Every structure is written in structure tokens, then in C-alpha cells.
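# Overview (structure and organization)
Here is how the chains run, residue by residue.
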Amino acid sequence: MLVIENLVKKYGSFTAVDKLSLRLDTGDIYGFVGPNGAGKTTTMRIVATLMRATSGTVKVAGIDVAEDPMAVRGKLGYMPDFFGVYDNLKVHEYLDFYGSCYGLSVNERKKRTDELLELVELSDKKDSYVDALSRGMKQRLCLARSLMHNPELLILDEPASGMDPRARIEMKGILKALGSMGKTILISSHILPELAELCTSIGVIEKGRMVYSGRVDDLMSRLTGKTLIRIRVLSDAEKAVRLLREQPRIENITGEANMLELEYTGNEEEMSGLLRLLVTEGIPVVSFTKAEGNIEKVFMEVTKGEDEVLQ
Amino acid sequence: MRMRFYNNPVLSSELKIRMRGWKTALGIISYLGVMVFIAFLYYITFIQSSLDWNRSVNANQQAGISIYTMLAVLQFILILLVTPAQTAGSISSEREKQTLDLLLCTQLSSFGIIIGKLLSSMSHMLLLIVSSLPLFSIIFLFGGVTPGDMIMLFSFYIITAIAVGSIGIFFSTIFKRTVTATVVTYLTMFALGLISIILSAYLMNIYYLHGGSASYVPFPLYINPAAGLANILQNQISGGSGGILGLGTGYQTSFWIYNSITMLVIAGLLVLISIIRINPVNRLFSWKKNS
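Residues numbered from 1 in each chain as written. Chains lettered and ligands numbered in written order. Predicted model: local features only at pLDDT ≥ 70, side-chain atom pairs only at ≥ 80, totals over all residues. Heavy atoms only, no water.

## With respect to the overall build of chain A
Helices and strands together make up the secondary structure of chain A, namely 11 helices and 14 strands. Its C-alpha atoms put chain A at 70 × 50 × 30 Å along the principal axes. Among the 311 residues that make up chain A, the fraction classed as buried is 50%. Contacts in chain A between residues at least 24 apart in sequence constitute 69% of all its contacts with a sequence separation of at least 6. In the form shown here, chain A has an accessible surface area of approximately 14,100 Å², with 46% of it arising from carbon and sulfur atoms. In chain A, 41 side chains carry a positive charge and 46 a negative one; their mean positions are 3 Å apart. (Helix = DSSP H or I, 4+ residues; strand = E, 2+ residues; numbered from the N terminus. Buried < 20%, exposed > 50% of the residue type's maximum accessible area, 1.4 Å probe, protein only. Contact = heavy atoms within 4.5 Å. Areas by Shrake-Rupley, 256 points an atom, 1.4 Å probe, with all protein chains shown as cover. Lys, Arg positive; Asp, Glu negative; His and termini not counted. Charge placed at Lys NZ, Arg CZ, Asp CG, Glu CD.)

## Some thoughts on the interface of chain A and chain B
Chain A puts 35 residues into the contact, and the matching count from chain B is 29 residues. Around 3,000 Å² of area is buried between chain A and chain B when both sides are counted, 58% of it from carbon and sulfur atoms. Our enumeration of links across chain A and chain B arrives at 2 salt bridges. For Arg 20 of chain B, the salt bridge identified is with Glu 93 of chain A, shortest N-O distance 2.5 Å. Linking chain A with chain B are 9 residue pairs in polar contact (both at pLDDT 80 or more), by the criterion used here. A per-element tally of the side of chain A that touches chain B places helix 3 (residues 91-101) of chain A first, with 6 residues. Of the residues contributing to the side of chain A that touches chain B, the split by class is 20 nonpolar, 6 polar and 9 charged. (Buried area = accessible area lost by both parts, 1.4 Å probe. Salt bridge = Lys/Arg side-chain N within 4 Å of Asp/Glu carboxyl O. Polar contact = N/O pair within 3.5 Å; in protein donor to acceptor, adjacent residues only side chain to side chain. Nonpolar A, V, L, I, M, F, W, Y, C, P; charged D, E, K, R; others polar.)

## Notes on the sheet that holds strand 7 (residues 153-157) of chain A
All names here are of chain A. Pairing is mixed in the open sheet, where 6 strands are placed in the order 6-7-8-3-9-10. In this open sheet, the two edge strands, each paired with only one partner strand, are strand 6 (76-79) and strand 10 (209-214). Strand-to-strand, the axes of this sheet are offset by a mean angle of 15 degrees, without reference to chain direction. Judged from the 4 bridges that link them, strand 6 and strand 7 form a sheet pairing that is parallel. By the bridge assignment for strand 7, Tyr 78 is matched with Ile 155. Lying over the sheet, helix 1 (residues 40-47) contacts strand 3 (29-33), strand 6, strand 7, strand 8 (184-189) and strand 9 (201-206), oriented at roughly 150 degrees with respect to strand 7. Seen against the sheet, helix 5 (residues 135-146) touches strand 6 and strand 7 and runs at an angle of roughly 160 degrees to strand 6. (Pairing = 2+ DSSP bridges. Axes fitted to C-alpha atoms, helices over the stretch in contact; angles between N-to-C directions.)

## Quick word on the environment of Ser 21 of chain A
Residue and element names in this part refer to chain A. For Ser 21, the position within the fold is in strand 2 (residues 14-24). Among residues more than four places away in sequence, those in contact with Ser 21 are Ile 4, Glu 5, Asn 6 and Met 210. Polar side-chain contacts of Ser 21 include one of 3.0 Å to the backbone nitrogen of Asn 6.

## Quick look at the sheet that holds strand 2 of chain A
Residue and element names in this part refer to chain A. The antiparallel open sheet is built from 4 strands, whose spatial order is 2-1-4-5. For this open sheet the edge positions go to strand 2 and strand 5 (63-64), each flanked by a neighbour on one side alone. Strand direction decides the pairing type here: strand 1 (residues 2-11) and strand 2, joined by 7 bridges, are antiparallel. Counted as the bridge partner of Lys 10 is Thr 15 from strand 2. Packing of helix 1 onto the sheet brings it into contact with strand 1, strand 2 and strand 4 (55-60), and relative to strand 1 it is tilted by some 120 degrees.

## What to know about the side chain of Arg 73 of chain A
Within the secondary structure layout, Arg 73 of chain A lies in helix 2 (residues 69-73). We note that Arg 73 of chain A is buried and unpaired, the nearest opposite charge coming from Asp 68 of chain A at a distance of 8.5 Å. Within polar-contact distance, the side chain of Arg 73 of chain A engages the backbone oxygen of Leu 104 of chain B at 3.3 Å.

Honestly, it's all geometry; don't read function into it.
Structure (C-alpha cells):
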């Protein structure tokens, strides 16, 4: 769906994006993470046909963005990290306007407006003026706008920035729903945990270079070499701790009451063996999961400014 | 995307937004209020007294022509003052409101955006111009001016508004801030108006010094709409005799047509540059018919 190859963007002598490559298949939800000024927005603006690349190629659904930007615009929906509003325009008129900019007929626009307002839970605000909405509502409306022409690829630049926790959770729910609809999503954030639970894979960008691209779990294991395992038992927690301490590749067992956490250096096969052992020893295991761990710490580790590319 | 003038989304949306508030109504009232007030002052100061001692048909016609000339010049000045304020913020305000990117990443072409903006500003100016028609029609009570004269004058107003509007749009694509774009538009208009007259006077001097004797209109005058207006009024009042703007250009009847064509060509060029400037990938003809 999206192929970026050796993308370079220079502003004079400053290189904002440096030989960045990326590939997203249909249905992927890809998190683009990096500190402020890393080159995320520049990359996204090039994909969204709002900027020309210095060199490299970007293709959306097989169409080169430099060759046929108008066709690409029909395939993607772009949501920038800011929200622009027109005074004196109502919510449904706002969506209708952008629908007409994509050449949708009056009936199509009405239908899409109703569907999207329902998706972003703004149906009751249909006749409200856009500038009277809260920030979270505006962000959701902006997302609905980017979906007006039913694009295959969504480019979302910091969609939850400036939102309160409740609005963030609501936005996350909508994005998950979009993912289940089969939309391919490229989403950026400078907060890794925000993306970790939402994305199928992530890319970490720093100083315009991709320093990691892959699954979040793999990134964690690769950097620390350890997997954090969380085990909840109904009873016999002390027996479980004793048993675990006897096993190899286990470090730092901690826990409160019936919830245990440990760092494990084995692979997934060995991990399943560990669960089997606990069960056969009669420990009543309720849950056995790989935990996220201290993802911020990992992010700091990855983006500490090294030139070495991890992948 | 296939776009027609009548279904341009930018035009429809702008008209909806403009007409929704009280600002447009207040703008028309103010515009007409200024015209009526000045016309009334002019009438009681200069016309009424002359009609008091001479009530012949000829005196009435002279009064009609006199009021018509005053109103024509007044409306022309108001168009020059109002149009830049309408157009100089068209693109820069989109930048300020952070809506330009949202617009540019749709399938609406740069051409569609600029033309939509220009037409919406022009339709507002047209509304002001048309709303002044009842005021102008009072002149028919005095005589001396034909409906044909009025149509010619109003056509020229529209061309002037398009030319000045395109200057505003051009600077709106260059400057990020509306205030800067508006100030530069006014300054440019003022400078072009003044320079064209000074340069014309200089060129005419050289022409006659080198033995030129035929009617001659120096080229800088063609870009000055005030010269076009002066020519129209001369045609209607004295059959084209007398020099344009007091310059010794000789007998001219069709200068205003060439003046209008020149302004439209310049407007076209400025619109074209504006279209290229706002295209984020700088390809004028990258827009294709997808729907």
C-alpha cells in the first residue's frame, strides 16, 4: 500500500529526512515514533503530496506521489497535527465541503457525513458550529474529514496531541475500529507507549534516519535481551516464586499478592515450557502474559543519538 | 477532478460563510451609506444652487452628467479600496487558519482553489456594485446619461475589480500574513498608479520633443485603470476629446478597451502565477480528471 524508498529531504544544507525506507502492506497499522524534529512530519507531508522530496521515491497503492499527486490524494486521507477551522461553518457543512473537494455527489456526501459522524461519535453535534467544539471533538472531526472519500491509506500526524486522557482513549478506540475495517494507517507520535498497544509494527526515527523498524516486542527484546512476563495466580504465589527461582534464564522476580513479574531471556518455546511447568506443578495460573515493560526507557535507549542503524 | 465554476466547492463554501453573518449586510450598508452621503453633499453644495437659477432642460442634463461623473469616480475609488481587502487575505488567511494544507491535500486543483477564491471575492464586489445601481439610476431623472453609458461603466468596474483582485490574490500567495499581503497590495496599486502616470508624462515629453505630432498614448497608461475610467467618462461626456488624465494624448475613443484587455491579461498572468505558487508539488497541470 505504501512504499518509501531512500527518501531524502533537504532544506539547504540541513537534511530533514535521510535515506528513509519503509513498506506498509494493506491493513498494517504502523507507528512512526521519534523525538520532535526527527523528520516524522516531513515524511508524512511528502507522502500526503504536500511537499516534494529531494530524492527517493514514494508510492501509494503503486502510484508515485511525484508523478500523479492528484490520483494519490484520492487514495489517502491526511490528518495534520493541527486543526484548522472555518468560522461560521457547521459540523455537517464542514464535512460536506471537504466531500465536495473530493468530487463526491450530494447524496454520497450526506451518506458519508452521517456514517462518519456516527463513527467518531459526533452525530449529536451535527448542527453545531465547528469552532464551538472541544479540542477532542475537533480532532475527531478532523479524522472524519480525512475519511470522507473513504481512503485506503490514512496518514495521521500526532492525532492525539493535546488531548485529555479520556479523549485519547476515545481516539484510540476509533483508530482500532478503523484498523478492523482494513484501513492501512501510518500514525506518528513522539510518545511510544501511545502507539505500542495500537500498532502492528513501529518505526523509530531520529535525525531523519530510521533507527528501528519492526514489531514493538522485538524492539524491546532486541534492546534489553529480556522479555517481561506477568503471571497471575489464584493462590500458592510463594510456591510459584520458589519454583521459578530454580529455573534458568529468569531474573528479577518481583510481585505483590498473587501477581508476579519476572524478566526472561528465553525464546517463546521455552516460555511455553515455563507455563507448562507451573501448571503441572499444580499452581493455579490465571494469566501468563508478555508485558510491555518500561517502554519509555527503551525509546530513550533507541533515540540516544547513535548513528548506528539497528535493523 | 472535473470542476465547473458553478460547482466550485471553495466558491460555494465562501459564499455560504460570507452571507451567513451580519458582516456582508453591514458592508453593503456602509458602502452605499458612504456613496449616498458624498453624493448628497455634492448635490446640495454644487448642483442645487446651479439648478436654482437655471432650470432649463440643458441645465438638468448638465447636473445629471455632473452627478454621474462624481458617482462614477467615487465608486471607482471605493472599488480600489475595498477589493484588496477582499482578496489579499484569501490564501494567507487559509494559512493563518491552518486550513490550506487540508485543502491542498484534497482532489481540488490549485486552479480550482484560486479561481474559487477570486470568484467569491468578485461575487462580493459584484454585489456591492449591483447594489449601487438604484443610486446611479437617480441620474436618469436629470437626463444626459444613457443606460448604455451605465452598462459600459459597470463592465469596466468589474474588469477593474478582477484586475485589482488578482493583485491581492497574488500577494496573498506570497506573504504568510494577511496584514502584510493587504498592505503590500495597496502599496503596489498606489505605486503602479503613480509611476504609470509619471512615466507616461515623461514618455510623452520625449515623443513630442522628437517631433511626434499624432495622437499618442504611452504604454504605461494601459496598466492604469484610472486612465481607462477617464477615457470612458470623456467618451460619454465630450465624445473622447481632451487628453487622458490631463495628458496630451489627443482624441481617443477606444483606449479604455485596450486598457481593459491589458488589465485582464495582467490579471490572468497573476492568477496563473498564484496557481503555480500554491501547488505544493509545483506542477501546474498535475490535476487530472478522476471523477
